[in-house]
Amino acid sequence: MESAVRFIKIVTLVVTIPLLLSAVPVWADGDTASSADDQAGVSEHSSSVSLPLARIQDTWRNILEAMGQHDLKRVNQLVIELDSLKLIADVRGLDSYALSLIDVARRHFKVGQRSEAAFYIRKALQLSPDSPIVLAKAFPLVRETSSISVPSYLSRIMNGVWSHPKVWLQLLKGSIYPLLLAFTFGVMVAILLTFVIKVDSLIRMIGKPISSAYRGLIAPLLLTLLVLLPLTLGPLWTVCAWCLCLYIFLPQHRWLGFIGSAVLVAWGCLIPVRESLQTWLMNPGIQTMLDGSSGEFREGASERLEALAAQRSRDGALFFSLGQALRRSGRYADAEHAFLRAEVLLGSQAWTRAERAVNAYLSGNAQQADALFIEAEKLGLRNAAFYFNYSKVKLELLDTEKSREYLGRTVSMDPELARTLQQREELLGPDARLAVAETHLPFYHILNSALMPTQNLQTRLDEFSQILMPGASPPLMSLVGAALIGMFFFVQRRRSRVVPLSSYANTGFPQLVQRCMRIIPGGAWIAVNRPVIACALLSVSLFLLMPILHWPFESSGLMEIIPELAPYYVSFVSLLVLGTCYVGVHVEE
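Please read these numbers as outputs of a predicted model, since none were measured by experiment.

## Section: the overall build of the protein
In step 1: Tallying secondary structure elements over the protein gives 30 helices and zero strands in all.
In step 2: The buried share of the protein, taken over its 589 residues, is 51%.
In step 3: Long-range contacts, defined here as pairs at least 24 residues apart, represent 70% of the contacts in the protein between residues at least 6 apart.
In step 4: A total accessible area of about 27,000 Å² is found for the protein, and carbon and sulfur atoms account for 61% of it.

## Comments concerning helix H9 (residues 165–197)
In step 1: Under the 1.5 Å per step criterion, the end-to-end length of H9 is 47 Å for 33 residues, consistent within 8% with the ideal 48 Å.
In step 2: At Ser175, H9 is bent by approximately 30 degrees, the largest bend along its length, and proline Pro178 sits one to four residues beyond.
In step 3: With 26 of 33 residues buried, H9 is to be regarded as a mostly interior element.

## Description of the nonpolar core
In step 1: Counting 80 residues, the largest nonpolar core has Phe195, Trp267 and Trp280 as its most contacted members.
In step 2: The element that contributes the greatest number of residues to this core is H9, accounting for 14 residues.
In step 3: The next biggest cluster of nonpolar side chains, apart from the first, holds 38 residues, and it includes Val75, Ile133, Val134 and Val161.

## Some details on empty space enclosed by the protein
In step 1: According to the stated counting rule, one finds three cavities of 30 Å³ or more in the structure shown.
In step 2: A volume near 70 Å³ is recorded for the second largest cavity.
In step 3: Along the walls of the second largest cavity sit Met289, Gly292, Ser293, Ala317, Phe320, Ser321, Gln324, Thr439, His440, Leu441 and Ile446, which together make up its complete lining.
In step 4: Looking at the lining of the second largest cavity element by element, the count peaks at four residues for helix H16 (residues 316–328).
In step 5: For the lining of the second largest cavity, the class distribution of residues is five nonpolar, six polar and no charged.

## A look at unusual backbone geometry
In step 1: Even without being glycine, Leu398 reaches a positive phi, approximately 65 degrees.
In step 2: As for its position among the elements, Leu398 is in the loop between helix H20 (384–396) and helix H21 (400–413).

## Regarding the packing of aromatic side chains
In step 1: A full pass over the atoms with the stated rule returns 19 aromatic pairs.
In step 2: Summarising the aromatic geometry, the rings of Phe488 and Phe489 are spaced 5.1 Å apart at their centres and angled 85 degrees between planes, so their arrangement reads as edge-to-face.
In step 3: Grouped by ring-pair contacts, the aromatic residues Phe373, Phe386, Tyr387, Tyr390 and Tyr406 constitute a single cluster.
In step 4: The cationic tip of Arg341 hangs over the ring face of Phe319; the distance from NZ or CZ to the ring centre is 5.8 Å.

## Points about the pattern of salt bridges
In step 1: Here the structure, examined in full by the defined rule, presents 21 salt bridges.
In step 2: A salt bridge links Arg353 to Glu375; the shortest N-O distance between them is 2.7 Å. Taken together, the residues Arg353 in helix H18 (residues 350–362) and Glu375 in helix H19 (residues 366–378) connect sequence positions 22 residues apart.
In step 3: When its relative accessible area of 33% is taken as the criterion, Glu375 is described as partly exposed.

## Concerning the environment of Ile56
In step 1: Position of Ile56 relative to the elements: it lies in helix H3 (residues 51–68).
In step 2: Expressed as a C-alpha distance, the spacing of Ile56 and Asp83, which sit 27 residues apart in the sequence, is 9.1 Å.

## Looking at the side chain of Arg328
In step 1: Mapped onto the elements of the fold, Arg328 is located in helix H16.
In step 2: You can call Arg328 buried: its relative accessible area is 11%.
In step 3: Polar side-chain contacts of Arg328 include one of 2.3 Å to the side chain of Glu438.

## Some thoughts on helix H6 (residues 114–127)
In step 1: Compared with an ideal rise of 1.5 Å per residue, which puts 14 residues at 20 Å, H6 spans 20 Å between its outermost C-alpha atoms and is within 8% of the ideal.
In step 2: Listing the buried residues of H6 in full gives Ala117, Ala118, Phe119, Tyr120, Ile121, Lys123, Ala124, Leu125 and Leu127.

## Side note on the state of the cysteines
In step 1: One pass over the full model with this rule turns up zero disulfides.
In step 2: Distance from the sulfur of Cys535, which forms no disulfide, to the nearest cysteine sulfur (Cys243) is 9.6 Å.

## Here's the deal with a nonpolar patch on the surface
In step 1: On the surface, Tyr214, Leu217, Ile218, Leu221, Leu222, Leu225 and Leu229 cluster together into a nonpolar patch covering about 710 Å² of accessible area.
In step 2: For Leu217, the position within the fold is in helix H11 (residues 215–228).
In step 3: With a relative accessible area of 67%, Leu217 lands in the exposed category.

About the criteria used
Residues numbered from 1 in each chain as written. Predicted model: local features only at pLDDT ≥ 70, side-chain atom pairs only at ≥ 80, totals over all residues. Heavy atoms only, no water. Helix = DSSP H or I, 4+ residues; strand = E, 2+ residues; numbered from the N terminus. Buried < 20%, exposed > 50% of the residue type's maximum accessible area, 1.4 Å probe, protein only. Contact = heavy atoms within 4.5 Å. Areas by Shrake-Rupley, 256 points an atom, 1.4 Å probe, with all protein chains shown as cover. Expected span 1.5 Å × (residues − 1). Bend = angle between axes of the 7 residues up to and from the residue. Core = buried A, V, L, I, M, F, W, Y, C linked by side-chain atoms within 4.5 Å. 1 Å grid on protein atoms, 1.4 Å probe; cavity = no way out; pocket = protein on both sides within 12 Å on 5 of 7 lines; lining within 4 Å. Points joined across faces, edges and corners; volume = space filled by probe spheres on them. Nonpolar A, V, L, I, M, F, W, Y, C, P; charged D, E, K, R; others polar. Phe/Tyr/Trp six-rings, centres within 6.5 Å; stacked < 30°, edge-to-face > 60°. Lys NZ or Arg CZ within 6 Å of the ring centre and 35° of its normal. Salt bridge = Lys/Arg side-chain N within 4 Å of Asp/Glu carboxyl O. Polar contact = N/O pair within 3.5 Å; in protein donor to acceptor, adjacent residues only side chain to side chain. Disulfide = S-S within 2.5 Å. Patch = residues over 30% accessible without salt bridge, like charges linked within 9 Å, V, L, I, M, F, W, Y side chains within 5 Å.

Okay, structure coming up:
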């Protein structure tokens, strides 16, 4: 079962590689802000920073000094100390420090010092063991300096991504426009190539109602205008016009028109989603909430969340995160009110019950905590964090047998979590506020928060819409697309009837042009009347090429952020495109 789950994760990662690559720049930008905090969570509110965070800063300075003296033994001791301080300060990862160590490792590797490079890579992963950006940037050097299982390492990256909702949301936001653009231009090229292959049929059908004395001149001219004129109106008007041409003149290819219509609907629906996500993610309070959902809490978190809660009184995920931040500050009564408000907004579910139980335990009311844990278990919560916290309550109630049983379940379900929390208990004491496991809301609750209506968004939506479809708003895009989809069901597939037209009866593009179509991924499928397959291959190929082309802007930074991965990715995409063309040629033959 475990191997099957690992296989599914690896397959999922491979499928989402282009999405991850297209979102890397946005993700990295978001993490730059959090990494500055990482230094660590550290320089924010410097006048009132707590002792563990101040000691983290001092220890890092000592590490820099030891690295300058090439004293690896002292660096190792200080990193171990920093790892312990990270537990005390409850900082999940020190990404900025880890990235600095990766840069040091890279410099050592370039001058042939492999053992030093391997040392610094190990220390970087020790400071941020589950950060996706750290794992991704370390991957090339890890592969060069140690014998690792690549599927296992990729699975580790995927686990890191899954445990960071901020990364998923950045990934979602950063992939919307590249995906839509890829499918838009994919369907446009597929329709255009279909026109090229069927040019004789198009001219005959356009010329049918025209007098035989003029059709030889007028029919090609009208076809040229039908194809080229929409291009002056923007890409989405072009898709709309060309889909109409398909429905009218080439109904046997109406499925290609259906795909184009669906692309219009997708633009109309997803532009508001993407822009709303952008505005939502830029809010400092939302960033604090997302950090909390990943188990990362920083100085001043409760104050920022309280200020945001006054503006977003219907956001259940926000109140849940606020309750966690208040509890960690020792404000148990306020935390209880926040969790109760979250229950009202989110409905009856296990996660708030479990957090209220932890709150009651820390307040000294173990009986109430036990009752709430029973309710949470009945509602279906049975993860490692739940059993670790419940074991503490059972121990407080002197039920040592159940306490040992639940702790054993924690170790079997998530040994890394159990190890971390037990270390924290040893450092801080079993009843410390930080010596409990956090219960995280499911991702769909956070996504609901992201999709809540945002004020002052209409101007931004209209500005972007005018670039793609002048004169249209997102609702109008969806309406036009829906109307075209409706037309699809009224277009009957019929055989093309030959219309006498002596001058252009055998008109077609030169064979050289048609042969050159094979160079385009999917082009060969157009020649064998499979334009839908061609559209899919074109769209996927363009999407995979976007990070290499540095377009659009969401995809523009891959080569700079993880330069070592660029040759592998370019090789992968090149082989895929060449393979597609090779298969297409054989399909045509």
